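So you can see what is in the structure, the chains are spelled out below.
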Amino acid sequence: MFKRHLLSSSIAMATAFGGMSSAVLAQDSKYDAEIDESAALEEVVVTGVRASLSKAIDIKRDKFQIVDSIVAEDIGKFPDNNVVEALQRVTGVQVTDRGAGEVSTVAIRGLNDVTTTVNGRQIFTASGRSVALADVPASLLRGVEVYKTRDASQISSGIAGQIDIRTNRPFDFDGSKVVLAGRNIYQEQSESNDPNFSGMFANSWEGDFGKFGALVNLSYAETNYRDQSITPGAAVPFVTGDAPEGWVPYERIQVNDGRVAEAPVWEPGLESGLPYSAGSTLTMNGEEVGYVLGRDAVFASDFTGKRERPAANISLQWAPNESSEYLFEAFYNGYRNESFNSLNFTFVDWWGDNTHLPMGGEVELFDGTNVVKSRDVAAPYGFTSGDIAAGKTDSFVYALGGNWDISDSFRLSSELIYQDSTFEESFVAMRFDRVAYGLGVDFNTGNGEPALEFYDNPETPDVDESDLTDAAQWNVAQLYDNGGSREGDAVTFKLDGELDVNWGAINQVSFGLRHEGRFASESTRGQEGFLGRNAAEFNENLVSINNNFYDGRADIPLSWAAPNGHYIHDNIDEFRTLYGLSAEPLLTTFELDEDTTSVYAQASYETEVAGRILDGQFGVRYVNTSRDMEFFDVGILDENGNPVGTSGSGSNSKLLPSLMVRYAITEDLFARLAYTTTLQRPGFTQLNPWIYYAPSVTNTNGTASAGNPDLEPVESQNIDLSLEWYFGEASALYGTLFRRDIEGFFYDAKSYITHQAETETEPSTYVLTTPGNTSNGVLQGLELGATYFPENLPGILDGFGIQASYTMLDSEQEVPVYDDLSGALVGMEETPIFGVSDSSYSVVFAYDKNDLDMRLSYVWRDDFLANYEARIFANPLGVYRQAEVSMDFQASYDVSDNLVVTFDATNLTDEEYRSYYENADVYNLGNAIFSRTFALGARYSF
């Protein structure tokens, strides 16, 4: 039996130390105490863009760490649809992965391993290490702090940084406070109106019992979305029109072709791909044979869905006297999503006789290359797929704690936290397929978008082959029925102490202990079947037809018939019976217990140098992690039908020093130096040693993946040097130089293995990837930021201000190169770190005058290496994203002291997002359009 967390032991430990607490002690308590006491009250009575920026500047100035903040303009008014969209205007922060009606991924200085905390408590979703920031409703937030450096008292995970989300508490208000807010958000692509509601109710009372306060904050957000994308597939080699003996003109060259003595014939998955200059050759049977590189497919995705996010926060505070305070908090966030992907996929790599088609069998190449630009394809196989995915998450965080003034100079804080999070998902996909008469394809019409045209068969003049909505042209083919669940829980105990001393320059020492017991598990199920009947034979509800795909911006089919995933999902038992399948049980893939204990000691100091104050902190944090693991291969069942398992254990320890120096050059000019060390821990699924196989659907090698239970944390040594000038109210200018030396990046080793899947008639070759701590990297750069509200501007100009930031990054990562057959390391190559743009900037024009607040923001980030393609193709491995842009607008007007109306708009310029393989001119890849949003709202408070 797997051990579970001993909640009773944690409670006993907490009781032995005298209680449990609400929050970690402030890292820079000498400065933060005064600010934190007044922070929320200041946000209540002073509202507007200028006030929020001024508060963010105060936080930046008074922290020892290098930190940037976003503060809500008013209770219930965070300035964007979600937290991630707001963070894109923070210096050094980039966002990406726009889709499903929102931006979902945030990176700090190009790195996306970010630790997320709520009121200082690390949170996670299910079996993961982190939480999706977009899952935390913006309406619940008081502010967000982005820590780019951390001291010894803070959690060490997250090599990119820490994002701490702050919620309101009852003592933030003088007496009762009620805020009701609602917004209607119009999604342009889905043509939907989505509700977003929140309500906060707070009150506090004083009497013989001391002071007691209660707060409840509720939120509900709904989003109906539509994303549309078109993509030419990956590249593979073909012989030229001058085919060697035994080959058909433009026939595809397989990796392991029985007609060629040398094996493999060509090597897939190369960093730069096969050479794509004109006249490139491959050695085949001792001769140099010319080849061309053509795409294997073109596919279009019409992705729609509905997402709901309910959330709640409860906070109870009790101060029985002036020397103690107790807090209970409960935080809930939920996620409900049902998405439908209508996919139109056609292969364009067949080499059959196409001389009867318009191009007469010829192939057009991009100038100076051997890469195919356009061609005709005879008898192309294609399919549409209706994929329905449903997911549900429920996450709870409970915290009970207190803090005590033991004496005038000694303070203690303690806290007990329990988290529980579950995620359930189901996935059903059905395919319609057909073999068409022929098609013409242009892989890049000049703007990165492909064009696709189906030709009519002159022998069947009554059939319009370009009418993809005709169900009679499609056969009902495969059915995929998958599902899974993930769960995780944790019990965390924290104890922190702070002692004022007079030891020369040292004026305060602090110490602490944090212990967390974490459990995580995952389960999965999956089956598939094939039918092979004409789609017109079935109930018309089985067919879903989209319309006006991609807004008609590309020369591709605008509509097609696909299986109706919603109908299949609602009648899944009927379709399982039709395919000869049954309801499959979930099978556990892993169970894991992890214990992490950390202790820290830290000293704050202050002295004078040249008549000016020099202060800061230095400390060390020791972290020890141990885990017991059991993994199961769901492909191998014992006599009882249970997966075969294997167990293991592992541990590691790290000593993490930190040093922060702050020097007041003048009263308004500060210099800071920080040296810190941070960690990135492997995801639990990365530890699973079982091999999972995915057979090929494109006549290439299949893929396989396995984890590595011996993975160590990635470690980053960080140096930051900043200069900050605070020259006026809500006005500042600052810059930071930084460097990250990162050791032990997770990187996949590649090797070839042979395996026979259940769906295969004989063994085939698979490309196996396994992660290791085999890559090191360096990230360095410069951040510049400014906020300026000019004083005494005349007339209507009074109230204008600007907020701007610029980030320049330079990254380098050494990645290992492995021998294909043995898997042995044969060398290292240099590449940029994934996700790092060389430069990015944001400009915000703000106006704050009387009852009117407005801001117009423009955010831009340079192109960047996003990921590596599967190692089974001939194109360059790196997938790059083109430069990304976002323009947003927010405005609010105070109708009265109690009522505020708002208008917000995102993605005003209606951007298209594109990706490519190394060379955008010849290796264009993804093209996508996402929705603009327009929102009207109101907030009423009393």
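Residues numbered from 1 in each chain as written. Predicted model: local features only at pLDDT ≥ 70, side-chain atom pairs only at ≥ 80, totals over all residues. Heavy atoms only, no water.

## Focus on the overall build of the protein chain
Argument step 1. A tally of helices and strands in the protein chain yields six helices and 45 strands.
Argument step 2. Radius of gyration (C-alpha) of the protein chain: 30 Å, near the 30 Å computed for a compact globule of 942 residues.
Argument step 3. If one aligns the C-alpha atoms of the protein chain with their principal axes, the spans along those axes are about 95 × 65 × 60 Å.
Argument step 4. A total of 942 residues make up the protein chain; the buried ones form 58% of that total.
Argument step 5. Within the protein chain, residue pairs in contact and separated by at least 24 positions form 72% of the contacts whose partners lie at least 6 positions apart.
Argument step 6. Counting only carbon and sulfur atoms, one obtains 53% of the accessible surface of the protein chain, whose full area is about 36900 Å².
Argument step 7. The positive charge centre, built from 62 side chains, and the negative charge centre, built from 141, are 7 Å apart in the protein chain. (Helix = DSSP H or I, 4+ residues; strand = E, 2+ residues; numbered from the N terminus. Rg over C-alpha atoms; globule rule 2.2 N^0.38 Å. Buried < 20%, exposed > 50% of the residue type's maximum accessible area, 1.4 Å probe, protein only. Contact = heavy atoms within 4.5 Å. Areas by Shrake-Rupley, 256 points an atom, 1.4 Å probe, with all protein chains shown as cover. Lys, Arg positive; Asp, Glu negative; His and termini not counted. Charge placed at Lys NZ, Arg CZ, Asp CG, Glu CD.)

## Focus on a negative patch on the surface
Argument step 1. Taken together, the side chains of Asp810, Glu812, Glu814, Glu830 and Asp838 present a region of like negative charge at the surface.
Argument step 2. With three residues, strand β35 (residues 800–818) is the single largest residue contributor to the negative patch.
Argument step 3. Considering the arrangement of structural elements, one finds Glu830 in strand β36 (residues 825–831). (Patch = residues over 30% accessible without salt bridge, like charges linked within 9 Å, V, L, I, M, F, W, Y side chains within 5 Å. Salt bridge = Lys/Arg side-chain N within 4 Å of Asp/Glu carboxyl O.)

## Let's talk about unusual backbone geometry
Argument step 1. Across the junction of Ala263 and Pro264, the peptide omega takes the value -5°, indicating a cis bond.
Argument step 2. Among the secondary structure elements, Pro264 is positioned in the loop between β11 (235–239) and β12 (281–284).
Argument step 3. Located in the positive-phi region is Ala126, a residue other than glycine, with phi close to 50°.
Argument step 4. Take Ala126: it is sitting in the loop between β5 (121–122) and β6 (141–147).
Argument step 5. On the basis of relative accessible area, Ala126 is assigned to the buried category, the value being 2%.
Argument step 6. Positive phi, normally seen in glycine, also occurs at Asp551, with a value near 55°.
Argument step 7. Within the secondary structure, Asp551 sits in the loop between β24 (543–545) and β25 (561–563).
Argument step 8. Accessibility expressed as a relative area gives 31% for Asp551, which makes it partly exposed.

## Overview of the sheet that holds β5
Argument step 1. In space, the five strands of this open sheet follow the order β1-β6-β7-β4-β5, with mixed pairing throughout. Edge strands, defined here as strands with exactly one partner in the open sheet, are β1 (67–71) and β5.
Argument step 2. Direction of pairing for β6 relative to strand β7 (residues 161–167): antiparallel, over a ladder of six bridges. Pairing of Tyr147 across the sheet is with Gln162, part of β7.
Argument step 3. Sheet strands touched by helix α3 (residues 49–62): β1 and β6. Its angle to β1, the strand with the most contacts, is close to 155°. (Pairing = 2+ DSSP bridges. Axes fitted to C-alpha atoms, helices over the stretch in contact; angles between N-to-C directions.)

## Some points on the sheet that holds strand β21 (residues 451–455)
Pairing between the strands of a sheet comes from backbone hydrogen bonds, and it takes one of two forms, parallel or antiparallel.
Argument step 1. As summarised here, the arrangement of the four strands in space is β16-β17-β20-β21, forming an open sheet in which the pairing is antiparallel. At either end of the open sheet lies a strand with only one pairing partner, and these are β16 (363–365) and β21. Averaged over neighbouring strand pairs, the angle between their axes works out to 10° when direction is ignored.
Argument step 2. Note that strand β20 (residues 438–442) and β21 share five bridges and pair antiparallel. Looking at the pairing, Leu439 lines up with Phe454 of β21.

## Structural notes on the packing of aromatic side chains
Argument step 1. One pass over the full model with this rule turns up 32 aromatic pairs.
Argument step 2. On the numbers, 5.9 Å between centres and 40° between planes, the contact of Phe549 with Tyr550 is tilted. Neither Phe549 nor Tyr550 differs from the other in exposure class; each is buried.
Argument step 3. Each residue in the set Phe299, Phe345, Phe347, Tyr381 and Phe383 is aromatic and connected to the rest through ring pairs, giving one cluster. (Phe/Tyr/Trp six-rings, centres within 6.5 Å; stacked < 30°, edge-to-face > 60°.)

## Some thoughts on α3
Argument step 1. Taking 1.5 Å of rise per residue, the 14 residues of α3 would be expected to cover 20 Å, and the 20 Å separating its terminal C-alpha atoms lies within 8% of that figure.
Argument step 2. Among the 14 residues in α3, 12 count as buried, and that is most of the element. (Expected span 1.5 Å × (residues − 1).)

## Considerations on the pattern of salt bridges
Argument step 1. Taken as a whole and assessed by the stated rule, the structure comprises 46 salt bridges.
Argument step 2. The closest approach of N and O atoms between Arg307 and Glu102, which form a salt bridge, is 3.3 Å. Residue Arg307 is found in strand β14 (residues 297–321), and its partner Glu102 is found in strand β3 (residues 102–108); the two are separated by 205 residues along the sequence. The burial state of Arg307 is the same as that of Glu102; both residues are buried.

## Concerning the pairing of strand β13 (residues 287–295)
Argument step 1. Of the strand pairs in this sheet, β11 and β13 are connected by five bridges, and their pairing is antiparallel. Looking across to β13, one finds that Phe238 is bridged to Val292.
Argument step 2. For β12 and β13, the ladder comprises four bridges, and the chain directions are antiparallel. In the strand pairing of β13, Thr283 is matched with Glu288.
Argument step 3. Linking two consecutive strands that pair antiparallel, namely β12 and β13, is a turn of two residues; a positive phi of about 55° is found at Asn285 within it.

## Focus on a nonpolar patch on the surface
Argument step 1. A grouping of Leu180, Phe201, Val216, Leu218, Ile314, Tyr940 and Phe942 is seen on the molecular surface, where their side chains present a nonpolar patch of about 590 Å² in accessible area.
Argument step 2. Relative to the elements of secondary structure, Leu218 occurs in strand β10 (residues 210–232).
Argument step 3. The exposure class assigned to Leu218 is partly exposed, which follows from its relative accessible area of 41%.

## Let's talk about the environment of Arg939
Argument step 1. Looking at the secondary structure, you find Arg939 in strand β45 (residues 933–941).
Argument step 2. Between the C-alpha atom of Arg939 and that of Gly199, which follows or precedes it by 740 residues, the distance is 9.4 Å.

## Quick word on the nonpolar core
Argument step 1. Among the nonpolar cores identified, the biggest contains 72 residues, and Ile253, Met430 and Leu542 are the most heavily contacted of them.
Argument step 2. Ignoring any residue separated from it by four or fewer positions in sequence, one finds Ile253 in contact with Pro237, Phe238, Val239, Trp247, Val265, Trp266, Leu282, Met284 and Tyr291.
Argument step 3. Judged by nonpolar contacts, the second largest core, of 49 residues, contains Val90, Leu111, Val146 and Phe590. (Core = buried A, V, L, I, M, F, W, Y, C linked by side-chain atoms within 4.5 Å.)

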